[in-house]
Amino acid sequence: MTTAASPAQPPLGSEAVPVVTVAARDGARLAFARQGGTLCQWWGRDGAERLYLSPANPWVATDAIRGGVPVIFPQFAARGPLPKHGFARTAVWAVVGQGVDETDGCGWVTMALDDTPETRAVWPHPFRLELTARFDDDQLSIRLDVVNSGSAAFAFTTALHSYLRAEVSDRVTGLGGLEVIDSADGDRRLRADDAPIPLDAPIDRIFLNARAPVTLARGDAGLRAGLRASLLIEQSGFCDAVVWKPAATDRLPALPPDGHSRFVCVEAAVIGAPVALDPGQRWSGTQTLRALP
Ligand SMILES: O=P(O)(O)OC[C@H]1O[C@H](O)[C@H](O)[C@@H](O)[C@@H]1O
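Let me begin by describing the structure that accompanies this report. Bear in mind the structure is a predicted one, so any value in this text is a computation, not a measurement. (Residues numbered from 1 in each chain as written. Predicted model: local features only at pLDDT ≥ 70, side-chain atom pairs only at ≥ 80, totals over all residues.)

**A look at unusual backbone geometry**
Comment: phi is negative for the bulk of residues other than glycine, and the bulk of peptide bonds are trans. The following threshold applies: Starting at the N terminus, helices and strands are each numbered in turn, a helix being any DSSP run of H or I of at least four residues and a strand any DSSP run of E of at least two. Any residue surrounded by 20 or more other C-beta atoms within 10 Å of its C-beta is treated as buried, while 12 or fewer makes it exposed and the intermediate range makes it partly exposed; C-beta atoms here are placed from the backbone.
Here the bond from F73 into P74 is cis, since omega is 0°, no more than 30 degrees from zero. With respect to the helices, strands and loops of the structure, P74 is situated in the loop between β4 (71-72) and β5 (94-100). The backbone of D187 sits at a positive phi, close to 65°, despite the residue not being glycine. If you trace the backbone, D187 turns up in the loop between β12 (179-182) and β13 (188-191). Take D187: there are 10 C-beta atoms within 10 Å of it, and that puts it in the exposed class. We note that N209 has phi near 55°; this positive angle belongs to a residue other than glycine. Mapping N209 onto the fold places it in the loop between β15 (203-207) and β16 (214-217). Residue N209 is classed as exposed on the basis of its C-beta count, with 12 C-beta atoms lying within 10 Å.

Listed below in structure tokens is the structure:
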């Protein structure tokens, strides 16, 4: 277990859910937990938090971590017969390696999850997941690999459920023109317009075939809070994107009363057309967050 940079911060991790921190050469840092293979926090070299990690997260071994980057696999949300968001976010992953890349100074960590009797009880497929994060002060790149290690084909949906620090005056841009499934409105289909998405209202939408970069643009409050002017969010392999921000009245577990107004999730996802993998095949998807000056 480690503690966050400032003594005023709530504890980071617990005995049941240890959290480890790795530093890049430029002083940026990343915290991760084997619980769910979750990246918990990415600090710039100025110590600013770029991800949202709920101060009310209970750090118990059975729960997904409320914040950071939970890994959603093999089912997104309740869109199928499995438990909501699948099992990868609550399983205990292995740490394959961590360190600093001598060539470019980036910090990195790789975690992996293989099928177990518990996963096969809910989803009867041998698989291997590998999550590799590389980061410095300017960017965090997160790659998810899915390998079919069995002898029969399987299909899955997935997401990197990234919780980004955001204030209500911030906006999300770059998703205009895409086909949308509005999860908050009975899966109504609509076409996104070009207007920036305001973060002073709840939203739960899937944007299909999201290939272009998305920007989280700061308003006054975000700039006053010391956040970088904007965050550029790019993805490859993942064909869809989700923008989710709960309402104050949602009263989500592990979130403080003002938590809904401190983040937005911009998720790199595959939902509309599940990935089908034959035995021995590998699928890769990457989400990259670039902190612009
Ligand atoms: O509360 P959780 O189970 O972590 O789910 C959090 C959210 O995940 C996704 O973004 C879904 O689109 C939302 O409908 C869901 O509320």
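**Some points on the sheet that holds strand β8 (residues 139-148)**
Cut-off, in case you're wondering: Strands qualify as paired when DSSP identifies two bridges or more between them.
Across the sheet, which stays open at both edges, the nine strands sit in the order β5-β6-β7-β8-β20-β17-β16-β11-β14 with antiparallel pairing between neighbours. Among the strands making up the open sheet, the edge pair consists of β5 and β14 (197-198). Note: strand β17 (residues 230-236) against strand β20 (residues 282-292), seven bridges, orientation antiparallel. If you follow L232 over to β20, its bridge partner there is R290.

**Quick word on the site of the ligand**
Note the threshold: Using a C-beta atom placed from the backbone, a residue is scored as near a molecule or strand whenever that atom is within 6 Å of it. Throughout this entry, Asp, Glu, Lys and Arg are counted as charged residues, while Ala, Val, Leu, Ile, Met, Phe, Trp, Tyr, Cys and Pro are counted as nonpolar. The remaining residues, Gly among them, count as polar.
Around the ligand, a shell composed of A64, A77, K84, H85, S183, D204, V242, W244, L252, C265 and E267 is seen. Within the residue set of the shell around the ligand, elements represented by two or more residues are β18 (240-245) and β19 (263-277). Classifying every residue of the shell around the ligand by side-chain character gives six nonpolar, two polar and three charged.

**A closer look at the sheet that holds strand β1 (residues 19-23)**
What counts is decided by this rule: Angular values range over 0 to 180 degrees, each being the angle between N-to-C directions of two axes fitted as lines to C-alpha atoms, with helices fitted over their stretch in contact.
Strand order in the open sheet made by the three strands is β1-β2-β3, with antiparallel pairing throughout. A strand with exactly one partner marks an edge of an open sheet, and here the two such strands are β1 and β3 (38-43). With direction set aside, neighbouring strand axes in the sheet form an average angle of 20°. Bridge count between β1 and strand β2 (residues 29-33): five bridges; the pairing is antiparallel. Its bridge partner lying in β2, T21 is registered against A31.

This is a description of form; function is not addressed.
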